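Here is what each chain is made of, one letter per residue.
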Amino acid sequence: MKRALFPGSFDPLTLGHYDIIKRGVDVFDEVVIAIGINADKKYMFSLEKRKKFINDAFKDFPKVKVVTYEGLTVDFCKEIDAQFILRGLRNPADFEFEKAIAHTNRTLSKIETVFLLTAAETSFISSSIVRDVIRNKGDYTLLVPDSVRV
């Protein structure tokens, strides 16, 4: 079975994330969405809320699982027997950042990172932009799946 881990904080899940996960389901037998827990990070949405957003968005996708994890992503990949890390790329800056992480992960383990380019219509969306729109009481509903529209 080809299992891919799609790690992130998903604070909140965006249409960009949704696009990558949906397309990843066509490439892999299973996509495990892994919400990383970082005690030093301040989140807008609770872990429970973020997990609910994702579970609700992918309730009709039997090949998608949602979990939480702490520690190194490569260690968690070994724990759940994921052979791949799935990542989305929006722009050249994402590529440079993700390339460094992928090389590090490959040095630490034999986990391969697979990159998918975001769709043109979602390439400008990031969780930090969505949080800023929400904080300033803007219409964020065009940037997130229905499950995030609170």
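Basis of the calculations
Residues numbered from 1 in each chain as written. Predicted model: local features only at pLDDT ≥ 70, side-chain atom pairs only at ≥ 80, totals over all residues. Heavy atoms only, no water. UniProt positions renumbered as here; feature names shortened; annotations may be inferred. Core = buried A, V, L, I, M, F, W, Y, C linked by side-chain atoms within 4.5 Å. Buried < 20%, exposed > 50% of the residue type's maximum accessible area, 1.4 Å probe, protein only. Helix = DSSP H or I, 4+ residues; strand = E, 2+ residues; numbered from the N terminus. Contact = heavy atoms within 4.5 Å. Polar contact = N/O pair within 3.5 Å; in protein donor to acceptor, adjacent residues only side chain to side chain. Arc of directions from axis to C-beta.

As annotated in an unreviewed UniProt entry, the protein is Phosphopantetheine adenylyltransferase from Aureibaculum marinum. According to the UniProt record, the Sequence similarities (unreviewed entry) comment for the protein is "Belongs to the bacterial CoaD family." As stated in UniProt under Pathway (unreviewed entry), the record for the protein gives "Cofactor biosynthesis; coenzyme A biosynthesis; CoA from (R)-pantothenate: step 4/5."

Peer 1: Outline the nonpolar core, listing residues and values.
Peer 2: Across soluble globular proteins, nonpolar side chains show a tendency to be buried alongside one another. If you look at the biggest cluster of nonpolar residues, it comprises 26 residues, and the most contacted ones within it are L13, I21, I33, I54, F58 and L86. Elements represented by at least two residues in this core include exactly β1 (3–8), α1 (15–27), β2 (30–36), α2 (47–57) and β3 (64–69). In contact with L13, not counting residues within four places along its chain, are Y18, I21, F53, I54, A57, F58, V144, P145 and V148. Ranked by size, the runner-up nonpolar core spans 10 residues in total, among them V32, Y69, C77 and I111.

Peer 1: Report on the environment of R90, specifying residues and quantitative values.
Peer 2: Relative to the assigned elements, R90 resides in the loop between β4 (84–89) and α4 (92–108). Taking relative accessible area as the criterion, R90 reaches 33% and is therefore assigned partly exposed. Among residues more than four places away in sequence, those in contact with R90 are T118, S123, I125 and S126. At a separation of 2.8 Å, a polar atom in the side chain of R90 contacts the side chain of D94. Among the polar contacts made by the side chain of R90, one reaches the main-chain carbonyl oxygen of I125 at a distance of 3.2 Å.

Peer 1: Report on α2, specifying residues and quantitative values.
Peer 2: Within α2, the full set of buried residues consists of R50, F53, I54 and A57. All buried residues of α2 lie within an arc of 90° about the axis, which places them on one face of the element.

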